[in-house]
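What follows is the residue order along each chain.
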Amino acid sequence: MTSDARQVRLASWPTPLEPAPRLARAIGLEADDLWLKRDDLVGLGGGGNKVRKLEWIVGAALEDDADVLVTTGAAQSNHARLTAAAGARLGLDVVLVLKGEAGRGSSGNLALDGLLGARVVWAGDTDNAGMADAADQVVADLVRDGRRPALVPFGGSSALGARGYRECADELLAQAPDLRTVVTAAGSGGTMAGLVAGLGDDRVLGVHVGAVADPARTVADLVVELTGADCDPHGLRLRLDQVGGGYATLPEPVVAALATTARTEGVVLDPVYTGRAMAGLVAAVEAGDVRPGERTVFLHTGGLPGLFGSAAAVLRAEAMLR
Ligand SMILES: *Cc1c(COP(=O)(O)O)cnc(C)c1O
């Protein structure tokens, strides 16, 4: 992939920045402190943060004359779903290499992958290296069949994809010039890296969700690649306390964050990413790392389909019915 790739447009920008006064008060901030950056409202394929990254990555793929996109992810990957949507929008075939086996449930993101016309290849229960091998095999098979595949990196988190969030940093500064902290979930790391590239490490608080082994190193490496400047992993503001039993589990602070956000603002978060990020913000306020009187932005990165792909989250939510 070329690094000076033209961007392709997949949505309308900027996304809204909305006040969240009732949520602010509920978590110990002043009413005017907390704002939601609504990247969940991006109008492609159900929305979410992968769209900004895909504008750069798929732009490069088109310049390279690709005719099929290949990417990897968990069965409930939002990134896979949005890659399928980008392919549909642009007339490219999409092959999703997903972890696990067929037949373990088909709700949430997987249902949307089907609607969007993606082909799914199940890689079995393997690790990240096994997923990469499975994707390489799919790419090799496509080339042998005379196709021109482009491999979209895990989570869209290359330095190229992270440019989408460096742009988002500029958008945020135009909408909230007095921004003190933007809070985001940190999964594959590109979202946080782009924000750090645009805002500096002191104004970005990442909440690790357990998707990578060493989030500080992952984010810092992407920042270095993106900016060409140094980035000290120890200088990043990263909370590691919301992973719980791992990616697929549903910790109690996450359930509480989902309910509080829904009941104060009518805004729905997801159990894997944004629910953890909100639980991390609550913990950061309790610890005095985010304080009343400062402008705080919570980046809503999307993920709603994943709520319906989580049996545990659906059961907990249904049990709240009165
Ligand atoms: C992928 C994802 C994230 C994390 O973004 P990264 O750039 O992978 O760190 C956060 N929220 C949602 C809903 C996501 O799908």
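Scroll up a little and you will see the structure.
Residues numbered from 1 in each chain as written. Predicted model: local features only at pLDDT ≥ 70, side-chain atom pairs only at ≥ 80, totals over all residues. Heavy atoms only, no water.

**Some remarks on the overall build of the chain**
- Scanning the chain for helices and strands turns up twelve helices and ten strands.
- Considering only C-alpha atoms, the chain reaches an extent of 60 × 50 × 35 Å along its principal axes.
- When each of the 322 residues of the chain is scored for burial, the buried share is 53%.
- Put simply, of all contacts in the chain between residues at least 6 apart along the chain, 74% involve residues at least 24 apart.
- Taking the 30 positively charged and 40 negatively charged side chains of the chain as two groups, their mean positions are separated by 5 Å. (Helix = DSSP H or I, 4+ residues; strand = E, 2+ residues; numbered from the N terminus. Buried < 20%, exposed > 50% of the residue type's maximum accessible area, 1.4 Å probe, protein only. Contact = heavy atoms within 4.5 Å. Lys, Arg positive; Asp, Glu negative; His and termini not counted. Charge placed at Lys NZ, Arg CZ, Asp CG, Glu CD.)

**Side note on the pattern of salt bridges**
- Following the criterion strictly, the structure yields 19 salt bridges and no others.
- Note that Glu 171 and Lys 37 form a salt bridge whose closest N and O atoms lie 2.7 Å from each other. Note that Glu 171 is positioned in helix H6 (residues 159-175) and Lys 37 in strand E2 (residues 34-38), a separation of 134 residues in sequence. Each of the two residues, Glu 171 as well as Lys 37, counts as buried.
- One salt bridge in this structure joins Arg 52 and Asp 39, with 2.8 Å as the shortest N-O distance. Linking Arg 52 in helix H2 (residues 50-63) with Asp 39 in the loop between E2 and H2, this pair joins segments that are 13 residues apart in sequence.
- A cluster of three or more residues bridged by salt bridges with shared partners is formed by Lys 37, Asp 39, Arg 52 and Glu 171. (Salt bridge = Lys/Arg side-chain N within 4 Å of Asp/Glu carboxyl O.)

**Remarks on the environment of Leu 304**
- Residue position: Leu 304 is located in helix H11 (residues 304-308).
- Considering only alpha carbons, one finds Leu 304 and Arg 217, 87 residues apart in sequence, at a separation of 28 Å.

**What about the nonpolar core?**
- Among the nonpolar cores identified, the biggest contains 31 residues, and Leu 29, Leu 34, Met 278, Leu 281, Val 290 and Phe 298 are the most heavily contacted of them.
- Mapped onto this core, the elements with two or more residues apiece are helix H1 (21-26), E2, strand E7 (179-186), strand E8 (204-208), helix H9 (252-265) and helix H10 (274-286).
- The element contributing the most residues to this core is H10, with six residues.
- Ignoring anything within four residues of it in the chain, the contact list for Val 290 reads Leu 29, Thr 181, Leu 205, Arg 237, Leu 281, Ala 284, Val 285 and Thr 296.
- Listed in part, the 26 residues of the second largest apolar core include Ala 11, Leu 54, Ala 150 and Val 152. (Core = buried A, V, L, I, M, F, W, Y, C linked by side-chain atoms within 4.5 Å.)

**Focus on unusual backbone geometry**
- Geometrically, the link from Trp 13 to Pro 14 is a cis peptide bond, its omega value of 0° lying close to zero.
- If you trace the backbone, Pro 14 turns up in the segment before strand E1 (17-19).
- The phi dihedral of Asp 65 is positive, around 70°, even though this residue is not glycine.
- Since its relative accessible area comes to 46%, Asp 65 is described here as partly exposed.

**A closer look at the sheet that holds strand E9 (residues 237-239)**
- The six strands lie next to each other as E1-E2-E10-E7-E8-E9, forming an open sheet whose pairing is mixed. Strands with a single pairing partner mark the edges of an open sheet, and in this sheet they are E1 and E9. Each adjacent strand pair in this sheet contributes to an overall mean axis angle of 25°, direction not counted.
- The sheet contact formed by E7 and strand E10 (residues 295-300) spans four bridges and is parallel. Paired with Val 183 across the strands is Phe 298, a residue of E10. (Pairing = 2+ DSSP bridges. Axes fitted to C-alpha atoms, helices over the stretch in contact; angles between N-to-C directions.)

**Let's talk about the site of the ligand**
- Neighbouring residues of the ligand: 16 residues in total, closest Lys 50, Lys 53, Gly 187, Ser 188 and Thr 301.
- Here an oxygen atom of the ligand sits 2.5 Å away from a polar atom, N or O, in the side chain of Lys 53.
- Here Gly 190 contributes a backbone N or O atom positioned 3.4 Å from an oxygen atom of the ligand.
- Starting from 380 Å² of accessible surface for the ligand in isolation, the protein chains cover 98%.
- Residue composition of the shell around the ligand, by class: three nonpolar, eleven polar and two charged. (Near = heavy atom within 4 Å. Polar contact = N/O pair within 3.5 Å; in protein donor to acceptor, adjacent residues only side chain to side chain. Areas by Shrake-Rupley, 256 points an atom, 1.4 Å probe, with all protein chains shown as cover. Nonpolar A, V, L, I, M, F, W, Y, C, P; charged D, E, K, R; others polar.)

**Details of the packing of H6 against helix H7 (residues 190-199)**
- One can describe the packing of H6 onto H7 by two numbers: an axis separation of 7 Å at closest approach and a directional angle of 50°. Judged by the angle between their axes, H6 and H7 are oblique. Both H6 and H7 take part in a crossing whose hand is right-handed. Across from Ala 162, Tyr 165, Arg 166, Cys 168, Ala 169, Leu 172 and Leu 173 in H6, the residues of H7 making contact are Gly 190, Thr 191, Gly 194, Leu 195, Ala 197, Gly 198 and Leu 199. (Parallel < 35°, antiparallel > 145°, perpendicular 65-115°, else oblique. Left-handed = near helix turned anticlockwise from the far one by under 90°.)

**Observations regarding a nonpolar patch on the surface**
- Together, Val 268, Leu 304 and Phe 308 make up an exposed nonpolar region whose accessible area comes to about 260 Å².
- Relative to the helices and strands, Val 268 is located in the loop between H9 and H10.
- We classify Val 268 as partly exposed; its relative accessible area is 42%. (Patch = residues over 30% accessible without salt bridge, like charges linked within 9 Å, V, L, I, M, F, W, Y side chains within 5 Å.)

**Re the packing of aromatic side chains**
- Enumeration over the complete set of coordinates arrives at zero aromatic pairs.
- It is Lys 50 that lies over the ring of Tyr 273; its NZ or CZ is 5.5 Å from the centre.
- In this arrangement the basic side chain of Arg 52 is found over the ring face of Tyr 165, its NZ or CZ atom lying 5.5 Å from the centre. (Phe/Tyr/Trp six-rings, centres within 6.5 Å; stacked < 30°, edge-to-face > 60°. Lys NZ or Arg CZ within 6 Å of the ring centre and 35° of its normal.)

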